[in-house]
Amino acid sequence: MSDSTQSGPMLAADGTPLKKSLSRALRMQKIRALALITPLLAFVLLTFIIPIGQMLFRSVENDIVANTLPNTVIALQDWDAASGEAPDEAVYAALAADLYVASNAKTHTRVGSRLNYETPGISSLFRKAGRKAKKWDVENDGPYKEKFIKIAKGWGDPNVWRTIQTYSPKYTNGYFLNAADMQKGSDGAEIRPESERIYITLFKRTLIMSLAITAACIALAYPVAWLLANLPSAKANLLMILVLLPFWTSLLVRTSAWKVMLQQQGVINDVLVWLGIVADDARLVMINNQLGTIIAMTHILLPFMILPMYSVMQTIQPTYLRAAKSMGATNWTAFWRVYFPLSVPGIGAGSILVFILAIGYYITPELVGGTKGVFISNRIAFHISTSLNWGLAAALGTILLAVVLILYWAYDKIVGIDNVKLG
Amino acid sequence: MADSASNDAFVEFDRVQKSYDGENLVVKDLNLSLPRGEFLTMLGPSGSGKTTCLMMLAGFETATHGDIRLGGTSINNIPPHKRGIGMVFQNYALFPHMTIAENLSFPLEVRKMGKTEREEKIKRALDMVEMGAFGGRRPAQLSGGQQQRIALARALVFEPELVLMDEPLGALDKQLREKMQFEITNLAHNLGITTVYVTHDQTEALTMSDRVAVFDDGRIQQLDPPDTLYENPQNSFVAQFIGENNTLEGVVKEINNGIAIVELDDGELIDCKPVHESVKPGARTRVSIRPERVEYNKDRIQEGAHTLKAEVKEFIYMGDIFRTRLSVAGNDEFIIKTRNAPDVDRLTPGQQIEIGWLPEDCRALDA
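These numbers were taken from a predicted model, which means no experiment stands behind them. (Residues numbered from 1 in each chain as written. Chains lettered and ligands numbered in written order. Predicted model: local features only at pLDDT ≥ 70, side-chain atom pairs only at ≥ 80, totals over all residues. Heavy atoms only, no water.)

Undergrad: For this particular structure, what's the right way to read the overall build of chain B?
TA: Across its full length, chain B holds 9 helices and 19 strands. For chain B, the C-alpha atoms occupy an extent of roughly 75 × 45 × 35 Å along the three principal directions. Scored against the burial criterion, the 367 residues of chain B give a buried share of 49%. In chain B, of all internal contacts separated by at least 6 residues, the share reaching a separation of at least 24 is 66%. About 17100 Å² of surface is accessible on chain B, with carbon and sulfur atoms providing 46% of the total. Side chains of chain B give 41 positive and 56 negative charges; the mean places of these two sets differ by 6 Å. (Helix = DSSP H or I, 4+ residues; strand = E, 2+ residues; numbered from the N terminus. Buried < 20%, exposed > 50% of the residue type's maximum accessible area, 1.4 Å probe, protein only. Contact = heavy atoms within 4.5 Å. Areas by Shrake-Rupley, 256 points an atom, 1.4 Å probe, with all protein chains shown as cover. Lys, Arg positive; Asp, Glu negative; His and termini not counted. Charge placed at Lys NZ, Arg CZ, Asp CG, Glu CD.)

Undergrad: Sorry if this is basic, but what is going on with the side chain of Asn246(B) here?
TA: Residues and elements named next belong to chain B. Of note, Asn246 is situated in strand S11 (residues 246-256). Overall, Asn246 belongs to the buried group, its relative accessible area being 2%. For Asn246, the side chain forms a polar contact with the main-chain oxygen of Ile335, separated by 2.6 Å. (Polar contact = N/O pair within 3.5 Å; in protein donor to acceptor, adjacent residues only side chain to side chain.)

Undergrad: I'm lost on the packing of helix H11 (residues 199-230) of chain A against helix H20 (residues 390-414) of chain A in this one. Help?
TA: The relative placement of two packed helices is expressed as an angle between their axes plus a distance between the axes. Residue and element names in this part refer to chain A. As a packed pair, H11 and H20 sit with axes 12 Å apart at the nearest point and diverge in direction by 40°. The interaxial crossing formed by H11 with H20 has right-handed handedness. The segment H11 lies against H20, with Tyr199, Phe203 and Leu207 engaging Leu392, Leu396, Ile399, Leu400, Val403 and Leu407. Tallied by class, residues from the contact of H11 with H20 come to 9 nonpolar, no polar and no charged. (Axes fitted to C-alpha atoms, helices over the stretch in contact; angles between N-to-C directions. Left-handed = near helix turned anticlockwise from the far one by under 90°. Nonpolar A, V, L, I, M, F, W, Y, C, P; charged D, E, K, R; others polar.)

Undergrad: I would appreciate a short explanation of the sheet that holds strand S14 (residues 284-289) of chain B in the present structure.
TA: Pairing between the strands of a sheet is mediated by backbone hydrogen bonds and can be parallel or antiparallel. All names here are of chain B. Overall, mixed pairing links the 5 strands, which are arranged S11-S12-S13-S19-S14 in a closed barrel. The average undirected angle you get between the axes of adjacent strands in this sheet is 55°. Where strand S13 (residues 269-274) meets strand S19 (residues 362-365), 2 bridges bridge the pair, whose relative direction is parallel. Bridging across to S19, Lys273 finds its partner in Arg363. (Pairing = 2+ DSSP bridges.)

Undergrad: In this structure, what is going on with the environment of Asn186(B)? I would like to understand it.
TA: Residue and element names in this part refer to chain B. Relative to the elements of secondary structure, Asn186 occurs in helix H6 (residues 174-191). For Asn186, a relative accessible area of 34% translates into the label partly exposed. Through-space distance from the C-alpha of Asn186 to that of Gln202 is 19 Å; in sequence the pair is 16 residues apart.

Undergrad: Any chance you could explain the interface of chain A and chain B here in plain terms?
TA: In many reports, interface size means the accessible area that the parts give up when they come together. If you look at the interface, chain A gives 17 residues, while chain B gives 22 residues. Looking at the side of chain A facing chain B, the largest losses of area belong to Arg322(A), Met327(A) and Arg337(A), adding up to 39% of the total buried there. Counting every contact that joins chain A to chain B gives 2 salt bridges. Applying the counting rule to chain A against chain B returns 4 residue pairs in polar contact (both at pLDDT 80 or more). For the side of chain A that touches chain B, the secondary structure elements donating two or more residues are helix H16 (318-326) and helix H17 (331-359) of chain A. The element contributing the most residues to the side of chain A that touches chain B is H16(A), with 7 residues. (Buried area = accessible area lost by both parts, 1.4 Å probe. Salt bridge = Lys/Arg side-chain N within 4 Å of Asp/Glu carboxyl O.)

Undergrad: Hey, could you run me through the pairing of strand S17 (residues 331-339) of chain B in this one?
TA: Within a regular strand, the side chains alternate between the two sheet faces. As paired elements, strand S16 (residues 321-328) of chain B and S17(B) share 7 bridges and run antiparallel to each other. In the strand pairing of S17(B), Phe322(B) is matched with Thr338(B).

Undergrad: Looking at this model, I keep getting lost on the confidence of the model for chain A. Mind explaining?
TA: As a general rule, the predicted coordinates of low-pLDDT regions are not to be interpreted in detail. Residues and elements named next belong to chain A. Scored by pLDDT, chain A comes out at a mean of 87, with 97% of its residues at no less than 70. At the low end of the mean pLDDT range in chain A sits helix H1 (residues 2-5), at 47; at the high end sits H11, at 94. For residues 1-5, every residue scores under 50 in pLDDT, and the model assigns this stretch 0 contacts once sequence neighbours within four places are set aside. (pLDDT = per-residue confidence, 0-100.)

Undergrad: Even after reading the chapter, I still don't get unusual backbone geometry, so can you show me in this structure?
TA: The bulk of non-glycine residues show a negative phi, and the bulk of peptide bonds are trans. For Asn288(A), which is not a glycine, the phi torsion comes out positive at approximately 60°. Looking at where Asn288(A) falls in the secondary structure, it is placed in the loop between helix H14 (267-275) and helix H15 (290-314). Here Asn288(A) falls in the partly exposed class, since its relative accessible area comes to 43%. One non-glycine residue, Asn257(B), adopts positive backbone phi at about 50°. Structurally, the position occupied by Asn257(B) is in the loop between S11 and strand S12 (259-264). Residue Asn257(B) is classed as exposed on the basis of its relative accessible area of 81%.

Undergrad: Explanation requested: the sheet that holds strand S8 (residues 194-199) of chain B in the structure shown.
TA: Residue and element names in this part refer to chain B. A sheet is described by the order of its strands in space; here 6 strands give the open sequence S6-S7-S8-S3-S9-S10, paired in mixed fashion. Each edge of the open sheet is held by one strand with a lone partner, namely strand S6 (85-88) and strand S10 (219-224). Taken pair by pair, the neighbouring strands of this sheet meet at an average axis angle of 20°, ignoring direction. Where S6 and strand S7 (residues 162-166) come together, 4 bridges link them in parallel fashion. Considered in S7, the bridge of Gly86 is made with Val163. This element, H6, spans strand S3 (39-43), S7 and S8 of the sheet and lies at about 140° to S3.

Undergrad: Just to check I follow, could you spell out a positive patch on the surface for this structure?
TA: All names here are of chain A. A cluster of basic side chains, namely Lys106, Arg127, Lys128, Arg131, Lys132, Lys134, Lys135 and Lys150, defines a positive patch on the protein surface. Sort the elements by how many residues they give to the positive patch and helix H7 (residues 122-133) lands first, with 4 residues. Among the secondary structure elements, Arg127 is positioned in helix H7. Since its relative accessible area comes to 40%, Arg127 is described here as partly exposed. (Patch = residues over 30% accessible without salt bridge, like charges linked within 9 Å, V, L, I, M, F, W, Y side chains within 5 Å.)

Next up, the structure:
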């Protein structure tokens, strides 16, 4: 009785505060739990978090100019790009000194190709100048301004020097501007000419098509998941195997099968022509466009929608529907007011899964998308493996990641992430 | 008799059969009629067909053969939502995504009732089950007993004339169950609604009902008020299923003045009341006697009555009663119950006694 009236913290039997002795008792458990997850944590950190962090860092990293041309960067600081004239001899002399070092170390071509992303043509200027600079006696062979312009006229172009100046800081937002169809003009960021804009369109297309794929998956998966959840278990198991069957087939094979199905001389068109629904000279174009990508990707991502829906629907007791009907609700009202709201967490979980998978999909759009049906990820792959502009690829990837996180956040605000259940 | 019964019958099953697989009948030839306002319990072991009958009445199962009538009209082809029958489910089936008030509002909304009328009815229904303060909560925030009350209120809020309950107290602990048994019976009688209640708990059936229908093997074995059911079981299944019961087997020797002499398998003779139609001289029978009707005090055994030798196997002191296990005529599970009173001898294991009973307490039933 006296315990409840005493003031101050509760005390354990030995007089220490109860909270303290509780946390001491739990400490061992916490340490053990931590020890159990340490291997996985280390693995994830090493193989996932760190590489992704490095990749993201590449989207702003730009130390190649400052590292390869240190003297030039300093000499260029005072040059006014707006003057419309090439810089003076001091800058050329600094460049000659830098190039002498760089060409002997064979790093000048790398700066060339880096700057070539921003202003096409610079790469060849560096290659040509580098060949000569290798043999120069840097202290005595001046003046260099004429020499450079003689090697290649481009060295007298203020635009080239502006590019070098703009990209001399160690960090740049240039990749991100590029990824958003912008560029660094003489006075800050500006939108690129219409003929050079591609990324915004690609981002928009990726989002809209992913939404369309998600919507198609919801419409197709809902009845299947309902059947799975309500059939007797023997039949449900068979149906489940059919749902999972695509997982056991290679993604490449399935996508190629769609090529066979959808092309103009393909199975579907042949059948339609044979049935007389479509004229032989007006065969439907269903592949190498957006329709082809949507059809093939809906098929491939469908199981990811069915499974979370199914596991949520399984937990909805059939007595809810009976109860609703016993209270006077028609089949439709019982479904719409009772069953559907209870199945929303499954739709949410499936949609997030399918949308996020779709937005980063690569193989299928590449194979059946043609030019109109490719995603932003195809462009990222192009920059990584073909144009080798990893900075731009990283910037595009970062934007994609940000978009997904924003959408995830918006979903949490609107629907509530607690409403997502995988079963 | 059949005619007069069907005239004032409110719910009526007429030769109803039900089969799920086309080979076995789950419900065989069910005939049952309830007057308005009656509390009827369908009692039986699982698989006896009682829940199927309830589901046919609610409209969730269709009868394979026969007619189910409500207020004189056949409802065989009326879908469940048009039957206007309130129902309480075993797991309550409260909609988890709605508040308590929304749950109660649901049957009223589908009836297109106005907002003020709805609110008034919801309030009245919640007050009726003493849950007036809980309208804003979610079902998951309530205890089992509270959910049970809400399920009851939801089944009653649209004022149905017939309420079906499918083992509604199965998930509650014993104390709460007894309290709710009492409340449900009171509520049903005060509102004058007709109730069909399904349970496998015989105590529940006896304490709550006006009449109990004992189901087994797809048939009603006996349909009677609780006291008749307990004291006058019509066959050995009912005798076994309702209450505790001792069984002895033997052959009927003769029947004189309404008393049958039965020769047990070990040759001893006993007096019984012939109940089942199959009890005729020469036929095998199973006699049933309640543990509390067995006497071993010589003063209480009638002069000239047949007695049996018994050996005490076990004596259990249970407070209000003594429960003694005997070995009688080869049956080691013969139980007698004696009231704990000052003049009653306490038996000890191994003791040899003689037991007897009034012939009318020992009922000769089907073998």
